[in-house]
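Examination of the molecular architecture
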Amino acid sequence: MGRTEARKRKLLVIGNGMAGARTVEEILARGGAEQFDITVFGEEPYGNYNRILLSNVLSGTQDPSEIFLNSLNWYAEKGIELRAGVRADVIARPHKAIHCDDGNWYQYDNLIIATGSRPSIPPIAALRRANGEFRPGIFVFRTLDDCHKIAEYAAKCRRAAVIGGGLLGLEAARGLLNHGLAVHVVHLMGHLMEQQLDPQAAAILRRTIEAMGIQVHLKKLTKAALGDDQVTGLAFEDGATLDCDMIVVATGITPNAEIGSRWGLVTERAIVVDDHMRTSDPEIYAVGECAQHRGRVYGLVAPLWEQTKVLADQITGTNPDATYQGSKLATKLKVMGVELVSMGVVEPDRENEDVVQFMEPRRGIYKKLVIRDGRLAGGIMLGDVSKAAYLMQAFDRDIRLPDEWLSLLFDTGAPTAEVTFAEMPDSVQICNCNGVSKGTIVRCVGGGKRSLKSVMETTRAGTGCGSCKTLVGELVEWACGGRVEDDPSVHYYVPDIPLTKTELVKAVRDRSLKSVSAVYQALADGKDEPAGKPGLASLLKIIWGDEYQDERDARFINDRVHANIQNDGTFSVVPRIYGGVTSPAELRRIADVAEKYHARMVKITGGQRIDILGIRKQDLPYVWRDLGMPSGHAYTKAFRTCKTCVGTDFCRYGLGDSVQLGIKIEKRFQGIESPHKMKLAASGCPRNCAEATVKDLGAVAVENGWQIYVGGAAGSTVRAGDLLATVKTHEEVLTLMGRFIQYYRENARYAERTYSFVQRLGIERVRAILIEDCEGEVARLDREVEAAVAAYRDPWLERSKPYEPTQFAEAGRVENHAGEFAADAVH
Amino acid sequence: MPSTDSHGKEESVWVPAGTIEQIPVGQGRCVLTGARQIALFRLRSGEVYALDAVCPHRGGPLAEGLVGRETVICPLHAFKFSLRDGRGLDNDFSVKSYPVELRDGNLFVGFPAGDGPHTVADGGA
């Protein structure tokens with residue numbers, strides 16, 4: 001048979017259960033109607049229904065019509081031929097055709113086998129009549145027809161026995177209970193639902209369901225059904241019997257794989273498929289409970305959904321790279337109204353597995369998590385599944401769990417962001433600077449961006465103040481299902497130079513690269529990536545000190561004009577006010593300047609300084625001249641301020657002279673550049689009015705000395721600083737602070753605040769290096785910071801000697817301003 | 001005064017935009033050409049580019065941005081634009097770009113003849 005481009009391929013699907021129908025839907029969703037003429041064969045004379053809800057039908061809580069997924073009309077609308085009530089019995093692979101019990105042959109180009117499974121019946125005597133049919137009162141529980149028959153028969157009965165205490169058996173028991181029967185569950189194993197539960201959870205479940213009126217019989221091997229024709233009871237291996245007038249056998253399933261084995265497809269427990277869901281015949285696929293993938297046959301719905309997607313991607317050619325890697329088993333279900341989640345390993349089986357467990361049998365609540373290497377290996381939630389959504393995601397996607405485990409089981413006040421990703425509505429804003437929502441990030445990941453960097457580039461999330469970057473990273477990891485692409489460039493110190501900080505420092509030293517452009521020339525073929533320039537400049541300055549060759553194009557605008565750019569393109573001016581102590585004369589000058597240059601606002605800052613806002617760039621040199629004060633460095637990654645309280649000068653509680661200490665600190669470290677800004681404080685007593693414990697560096701006076709705190713923060717991140725040391729004198733405070741500053745300058749990542757740096761290293765390590773001198777670096781650090789202090793020069797002096805003629809040029813008037821900027825010389 | 005020149009691909013009006021020396025190497029500066037503010041960028045490679053001066057996102061001054069080989073980053077919110085064609089690189093905005101000529105140290109920006117420099121650009125200050 002010749003195939004032309006115009007002819008659609010003929011696709012036959014054997015099986016119209018959840019797998020078959022879902023596969024067809026997935027194929028249609030990929031434009032499969034253009035490629036295929038599709039015929040579906042279903043043994044049951046219905047459209048497709050949700051088998052999971054059969055127990056609701058049995059219990060009467062749902063009408064059969066409510067559980068249909070696809071009505072017969074749906075097939076017609078989609079142009080799919082449905083052969084309901086038709087069973088395929090031959091696959092003639094050489095002819096690419098199947099034969100059905102309607103007597104017809106059907107040709108295929110591709111064939112999908114989705115025959116599902118059937119109840120497996122244990123060897124119990126006297127279940128069937130001589131003709132092989134079940135005796136009256138004996139049922140299996142698999143199809144809508146089974147439901148109808150059980151319900152019909154139950155009306156005449158008083159006592160029912162369900163053989164099988166697994167999920168299906170308990171579902172059947174619940175259904176029967178609603179029909180007003182006394183229900184007994186007979187189970188071979190030592191506890192109920194041994195696939196999903198550990199003994200403790202099963203015991204609690206048993207207690208709960210027995211309270212509902214179901215009797216549970218464990219460790220019972222059923223030998224025979226009693227009664228002549230009508231059922232009257234069960235006989236067990238141990239000699240006991242149980243009276244009942246109907247029996248539902250729910251002891252597991254057997255894949256309907258015979259159609260595969262009989263017609264030459266490789267079949268073991270089920271029809272063997274590869275990662276593309278192909279059987280040993282490449283034109284034939286298998287999916288669902290009749291398929292065996294990597295040795296496993298899945299009887300739950302979630303793996304089936306994953307399989308159908310891959311199959312559809314493959315057969316339509318939509319994504320030839322799609323593979324099915326197997327599923328992790330997690331189920332959320334309601335057993336007799338008891339909510340239950342079970343996933344993965346429910347009993348720890350390795351030494352390195354931790355168990356977090358909570359039990360409250362009286363209320364029917366049990367929670368258990370098995371944690372391996374910080375990730376969820378499995379767990380059980382019974383009776384309270386409020387935390388299940390996150391946990392199931394964490395399990396399925398292998399997400400790293402938070403360090404604090406209590407909140408995994410309970411809502412303990414404010415939940416951490418990590419715990420709530422799954423429950424978090426898509427509309428929640430993650431990046432507050434750029435207004436990026438959870439949904440946008442998740443969609444971006446769904447669109448193929450699988451690294452933090454690419455998501456940040458695409459959505460801009462995390463590119464504002466950067467404080468949400470960790471959260472964005474976690475969200476990306478969550479959305480990727482743990483399969484984040486490791487983008488090597490995230491380890492680069494700057495983009496476009498494929499070197500980590502350590503490697504870069506070595507290259508810079510080895511090749512004596514002293515300017516940003518020299519680095520790009522030598523290491524990136526001259527390709528200077530603008531986003532990387534300031535970070536590189538910061539690094540070079542720390543490496544080379546005086547020898548660093550300053551290039552102003554490597555500076556952010558703030559560092560070119562020594563002021564902080566505002567949203568309207570004007571600048572803010574914060575003069576240095578050492579320790580926050582000013583004077584009437586200084587205040588008068590500030591007031592005059594604010595008026596003269598039409599400042600839009602004069603504001604006291606959080607760091608106890610005065611901010612003059614709304615200054616035009618071209619006025620900056622004149623403003624500085626009129627102020628006659630040094631730069632307060634409020635615009636750059638450097639030492640910013642040292643906030644103080646009045647201490648012993650005035651305060652009746654004062655223990656230490658915090659004002660003088662603050663002034664000394666500020667005079668010493670002003671303008672010292674660092675990977676990120678440093679905000680300091682000095683408090684005169686433990687009441688800590690200057691809030692020194694939430695500063696990058698803080699000193700708190702105590703009786704006979706000063707405590708030094710490092711790594712505190714109270715901005716976008718809040719962190720209490722760690723106590724570095726307690727010392728006696730101001731001078732010792734200055735020495736230790738300087739040592740820390742230099743160590744931070746040399747070792748932090750660019751734009752890494754001290755709170756992150758100290759947390760990353762751990763305070764013990766910081767102490768070991770800076771106090772105990774375990775690396776023998778202390779003397780050198782002290783020398784280096786001394787050199788940095790000595791090199792300080794007030795950048796505002798450029799008012800009289802601009803670095804470049806058009807450094808402060810008014811926008812739009814460049815050509816008229818050249819040479820006019822020696823502010824001290826004009827006027 | 002503007003002069004019509006035939007060096008451009010289409011008829012362009014070439015408007016003087018100051019001297020190259022006014023733009024430090026590797027930086028940008030904003031110049032007023034006619035009624036329009038133009039951001040001129042002088043790269044370390046020697047190339048000069050011209051874009052409309054105002055970032056279409058929130059009105060940031062593009063001339064103050066960090067400049068790399070083919071990119072300028074707006075100083076306000078770090079939106080990136082191509083220096084070659086003004087296309088947003090990580091955003092859906094774009095700014096107009098203009099041809100630039102350097103003659104004896106003097107810069108000239110080419111405006112399309114029908115869209116002369118005396119038309120105030122959208123969002124122009």
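Here the structure is a predicted model, which means the values were calculated and not measured. (Residues numbered from 1 in each chain as written. Chains lettered and ligands numbered in written order. Predicted model: local features only at pLDDT ≥ 70, side-chain atom pairs only at ≥ 80, totals over all residues. Heavy atoms only, no water.)

Focus: helix H16 (residues 516-523) of chain A
All names here are of chain A. Our working rule: With a 1.4 Å probe rolled over the protein chains alone, any residue whose accessible area is under 20% of its type maximum counts as buried; one over 50% counts as exposed, and the rest are partly exposed. Counting from the N terminus, the helices are DSSP H or I runs at least four residues long and the strands are E runs at least two residues long. Taking the helix axis as origin, the arc is that swept by the directions to the C-beta atoms. Whether two residues are in contact is decided by their heavy atoms, any of which lying within 4.5 Å being enough.
Considered for burial, the residues of H16 that qualify are Val-516, Ser-517, Val-519, Tyr-520 and Leu-523. For H16, the arc enclosing every buried residue in end-on projection is 160°, short of the 170-degree limit, so these residues lie on one face. Contacts made by the buried residues of H16 are with helix H15 (501-510) and helix H17 (533-544). Downstream of H16 by one or two residues, Asp-525 has phi in the positive range, about 50°.

Side note on the packing of helix H12 (residues 438-446) of chain A against helix H14 (residues 469-479) of chain A
The description of two packed helices rests on the angle between their axes and on the distance between the axes. Residues and elements named next belong to chain A. The condition is simple: Note on geometry: axes are lines fitted to C-alpha atoms, helical ones only across the stretch in contact, with angles between N-to-C directions running from 0 to 180 degrees. Reported orientations rely on four angle classes, namely roughly parallel under 35 degrees, roughly antiparallel over 145, roughly perpendicular from 65 to 115, and oblique for the rest. The hand of a helix crossing depends on one turn: near helix anticlockwise from the far one by less than a right angle means left-handed, and clockwise means right-handed. Polar here means any residue other than Ala, Val, Leu, Ile, Met, Phe, Trp, Tyr, Cys and Pro, which are nonpolar, and Asp, Glu, Lys and Arg, which are charged; Gly is therefore polar.
Viewed as axis vectors pointing N to C, H12 and H14 meet at an angle of 50°, and their least axial separation amounts to 9 Å. In terms of orientation, H12 and H14 fall into the oblique class. The two elements H12 and H14 cross, and the hand of that crossing is right-handed. On the side of H12, the interface is formed by Lys-438, Ile-441, Val-442 and Val-445, while H14 contributes Val-472, Leu-475, Val-476, Trp-478 and Ala-479. Here the residues of the contact of H12 with H14 sort into eight nonpolar, no polar and one charged.

Some remarks on the sheet that holds strand E8 (residues 105-107) of chain A
Note: strands within a sheet are paired through backbone hydrogen bonds, in either parallel or antiparallel orientation. All names here are of chain A. Counted only if it meets this: For two strands to be treated as a pair, DSSP must find at least two bridges joining them.
Read across the open sheet, the three strands follow the order E6-E7-E8; overall the sheet is antiparallel. The sheet is open, and its two edges are formed by strand E6 (88-92) and E8, each paired on a single side. Averaged over neighbouring strand pairs, the angle between their axes works out to 25° when direction is ignored.

Examining the packing of aromatic side chains
All names here are of chain A. The condition that has to hold: Here the aromatic set is Phe, Tyr and Trp, taking the six-membered ring for Trp, and pairing holds for ring centres within 6.5 Å; pairs whose planes are under 30 degrees apart are stacked, those over 60 apart are edge-to-face, and all others are tilted. To sit over a ring, a charge needs its Lys NZ or Arg CZ within 6 Å of the ring centre and within 35 degrees of the ring normal.
Inspection of the entire model under this criterion finds 15 aromatic pairs over all chains. On the numbers, 5.0 Å between centres and 90° between planes, the contact of Trp-74 with Tyr-75 is edge-to-face. A residue is classified by how much of its surface remains accessible, and Trp-74, at 14% relative accessible area, is buried. A relative accessible area of 2% means that Tyr-75 is categorised as buried. Taking 5.0 Å as the distance between ring centres and 5° as the angle between the ring planes, the aromatic pair formed by Trp-624 and Trp-796 counts as stacked. Taken as a pair, Trp-624 in helix H20 (residues 620-627) and Trp-796 in the loop between helix H26 (778-790) and helix H27 (814-817) lie far apart in primary sequence, 172 residues in all. Taken together, the aromatic side chains of Phe-740, Tyr-743, Tyr-744 and Phe-757 make up a single cluster linked through ring pairs. Over the face of the ring belonging to Trp-305 we find Arg-22, whose NZ or CZ atom lies 3.8 Å from the ring centre. Here the guanidinium or amino end of Lys-328 rests over the ring plane of Phe-395, the centre of that ring lying 4.5 Å away.

Structural notes on the domain arrangement of chain A
Keep this limit in mind: Start and end points for every domain follow an automatic or database-based domain assignment.
Entries for chain A in the domain assignment read domain 1 (9-117 + 255-316), domain 2 (138-251), domain 3 (345-420), domain 4 (429-491), domain 5 (501-555) and domain 6 (639-790). Relative to domain 5 of chain A, the C-alpha centre of domain 1 of chain A lies at a distance of 62 Å.

As for the sheet that holds strand E5 (residues 48-52) of chain B
One open sheet accounts for four strands, arranged E3-E4-E5-E9 (chain B); its pairing is antiparallel. Of all strands in the sheet, those with a lone pairing partner are strand E3 (28-33) and strand E9 (97-98) of chain B, marking the two edges.

Observations concerning the pattern of salt bridges
This is how the line gets drawn: The salt bridge criterion pairs a side-chain nitrogen of Lys or Arg with a carboxyl oxygen of Asp or Glu, the two atoms within 4 Å.
Applying the stated rule across the entire model yields 60 salt bridges over all chains. Among the ionic pairs, B:Glu64 bridges to A:Lys617, the shortest N-O distance being 2.9 Å. One end of the pair, B:Glu64, is in the loop between E5 and strand E6 (66-67); the other, A:Lys617, is in the loop between strand E33 (610-615) and H20, on a second chain. Classification of A:Lys617 by relative accessible area gives buried; the value is 8%. In this structure, the salt-bridge partner of B:Arg84 is B:Glu47, at a minimum N-O distance of 3.8 Å.

Observations concerning the interface of chain B and chain A
The condition is simple: In this description, buried area is defined as the sum, over both parts, of the accessible area (probe of 1.4 Å) that is lost when the two are combined. Nitrogen and oxygen atoms within 3.5 Å of one another constitute a polar contact, given that in protein one can donate a hydrogen and the other can accept it, and given that sequence-neighbouring residues count only through two side-chain atoms.
Chain B puts 29 residues into the contact, and the matching count from chain A is 32 residues. Here chain B meets chain A over a buried area of about 2,600 Å², counting both sides, of which 52% is carbon and sulfur. It is B:Arg44, B:Glu64 and B:Leu66 in chain B that bury the most area against chain A; as a group they hold 25% of the surface buried on that side. Our enumeration of links across chain B and chain A arrives at six salt bridges. Joining chain B to chain A, the criterion identifies ten residue pairs in polar contact (both at pLDDT 80 or more). Mapped by element, the contributors of at least two residues to the side of chain B that touches chain A are E3, E6 and strand E7 (71-73) of chain B. Considering every element that reaches the side of chain B that touches chain A, the biggest residue donor is E3(B), with four residues. A class-by-class count of the residues in the side of chain B that touches chain A yields 13 nonpolar, nine polar and seven charged.

A word on the nonpolar core
Residues and elements named next belong to chain A. Where we set the bar: Nonpolar cores were defined as sets of buried Ala, Val, Leu, Ile, Met, Phe, Trp, Tyr and Cys residues, with membership established by side-chain atoms within 4.5 Å.
Membership of the largest hydrophobic core comes to 49 residues, with the highest contact counts inside it found for Ile-38, Ile-98, Leu-111, Ile-112 and Ile-113. Excluding anything up to four places from it in sequence, Ile-38 contacts Leu-11, Val-13, Val-24, Ile-27, Leu-28, Gly-79, Ile-80 and Glu-81. With 45 residues, the next largest nonpolar core counts Ile-204, Ile-209, Leu-333 and Val-335 among its residues.

Some remarks on unusual backbone geometry
Keep in mind that most residues, glycine aside, have a negative phi and that most peptide bonds are trans. All names here are of chain A. Of note, Ala-126 is a non-glycine position whose phi angle comes to about 65°, a positive value. Here Ala-126 lies in the loop between strand E10 (117-119) and strand E11 (138-140). Overall, Ala-126 belongs to the partly exposed group, its relative accessible area being 37%. Although it is not a glycine, Arg-460 adopts a positive phi angle of roughly 75°. Its place among the elements puts Arg-460 in the loop between helix H13 (452-459) and H14.

Observations regarding the confidence of the model for chain B
All names here are of chain B. Rule in force here: Each residue carries a pLDDT score, the predictor's own confidence in it, on a scale running from 0 to 100.
Summarising the model, chain B shows a mean pLDDT of 83, and 82% of its residues fall at 70 or more. The low-confidence segment residues 1-9, where pLDDT is below 50, has 17 contacts with residues more than four positions distant or belonging to other chains. Every residue in residues 119-125 scores below 50 in pLDDT, and together they form nine contacts with partners more than four places removed in sequence or on other chains.

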